Every structure is written in structure tokens, then in C-alpha cells.
Amino acid sequence: MRYNKIRKMDISNGPGIRVSIFMQGCTFHCKNCFNSETWPFDGGIEFTESTILEVLRLCNNSHVAGLSILGGEPMHPNNIEGTTKLAKAFKEKFPEKTLWSWTGFTYEKYLKEKYRKSLQEQIGRAHV
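These remarks concern the structure in this document. Since we're looking at a predicted model, the values are computed, not measured.

1. Notes on the nonpolar core
In terms of nonpolar packing, the biggest core is built from 17 residues, with Ile21, Cys59, Leu67 and Leu86 touching the most fellow members. Elements with a minimum of two residues in this core: strand E2 (17–23), helix H1 (49–59), strand E4 (64–70) and helix H2 (80–93). If you tally residues by element for this core, the top one is H1, at five residues. Residues contacting Ile21, with those up to four places away along its chain left out, are Tyr3, Lys5, Ile6, Phe47, Thr51, Val55, Leu67, Ser68, Ile69, Leu70 and Leu86.

Following this line, the structure appears as C-alpha cells:
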């Protein structure tokens, strides 16, 4: 998976000052998209564990209210694993900060059935 860019001080994509990461790759191609440079899956920069650590480092500031994950499409099957790893690491380290994500997928239409088993497994483990 790949990402397009990281903004270390973003005031346009959620409340307060935020760190934002733009995932690379999208198949929706929405009319008037303002991030069409994120559409190709082969563009951008490789997303690695170092990317997650860099985002967490940038969020470790008292003036940062939270993390915004955009795209491209962060919930696309090519991106969901990395997006999930980043979101989990962020909330573990900063439970008091907000996490926002933008997606063209709807929970009811795309994600509920596809990830129901995974969610049930995670919920089951949390209650053990």
C-alpha cells in the first residue's frame, strides 16, 4: 500500500490542528474530487511501519487535536489493512485525541458484511 502525503499541521480536515495522512489509490473517481492525484494506486510513497511511527511522532504534540485519514480511499481493500494498523496504533497511544476518516464506502453497503467476522472477532477478544 502507498500514501500520497502527510500534513503535520492541518486545519482543513477536522476540528483543531491535526495531522493528516492521504492514502494513495481510489476507484470511486468522484466528480470534482479535490485529491485526484491520489487516484492511482501506484503513485505516492510506500506505507511502512516507519510511516506509522512518523505519524505518531507528529501527533505527539499537545497542540495536535487528532489524526485525519483521507485519500484516495483509506477503506479500499488495498488500503484497509494499513489504515486499520495506523488507526489502532494512534488510539492506543492517544486515546484522548480524535480520529477522523473520510471514505466513499458506506458502512451498510460495503463494510458491514465484509468485515462483520473481523469485527466480531475483535469484539469477542475485547470481552474475554
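Structure shown, so let's carry the discussion forward.
2. Re the layout of surface pockets
Put simply, the second largest pocket is a space of about 300 Å³. If you go around the second largest pocket, you meet 17 residues; those closest to its centre are Cys33, Asn35, Gly71, Gly72 and Trp102. Considering only residue class, the lining of the second largest pocket consists of eight nonpolar, eight polar and one charged.

3. Notes on the packing of aromatic side chains
Summed over the entire model, instances satisfying the criterion amount to four aromatic pairs. On the numbers, 6.4 Å between centres and 80° between planes, the contact of Tyr3 with Phe47 is edge-to-face. Taken together, the residues Tyr3 in strand E1 (residues 2–10) and Phe47 in the loop between strand E3 (45–46) and H1 connect sequence positions 44 residues apart. Among the residues examined, Phe47 registers a relative accessible area of 11% and is labelled buried. Note on Trp100 and Trp102: the rings are 5.7 Å apart at their centroids and 45° apart in plane angle, and the pair reads as tilted. Judged by its relative accessible area of 34%, Trp102 is partly exposed.

What counts and how
Residues numbered from 1 in each chain as written. Predicted model: local features only at pLDDT ≥ 70, side-chain atom pairs only at ≥ 80, totals over all residues. Heavy atoms only, no water. Core = buried A, V, L, I, M, F, W, Y, C linked by side-chain atoms within 4.5 Å. Buried < 20%, exposed > 50% of the residue type's maximum accessible area, 1.4 Å probe, protein only. Helix = DSSP H or I, 4+ residues; strand = E, 2+ residues; numbered from the N terminus. Contact = heavy atoms within 4.5 Å. 1 Å grid on protein atoms, 1.4 Å probe; cavity = no way out; pocket = protein on both sides within 12 Å on 5 of 7 lines; lining within 4 Å. Points joined across faces, edges and corners; volume = space filled by probe spheres on them. Nonpolar A, V, L, I, M, F, W, Y, C, P; charged D, E, K, R; others polar. Phe/Tyr/Trp six-rings, centres within 6.5 Å; stacked < 30°, edge-to-face > 60°.

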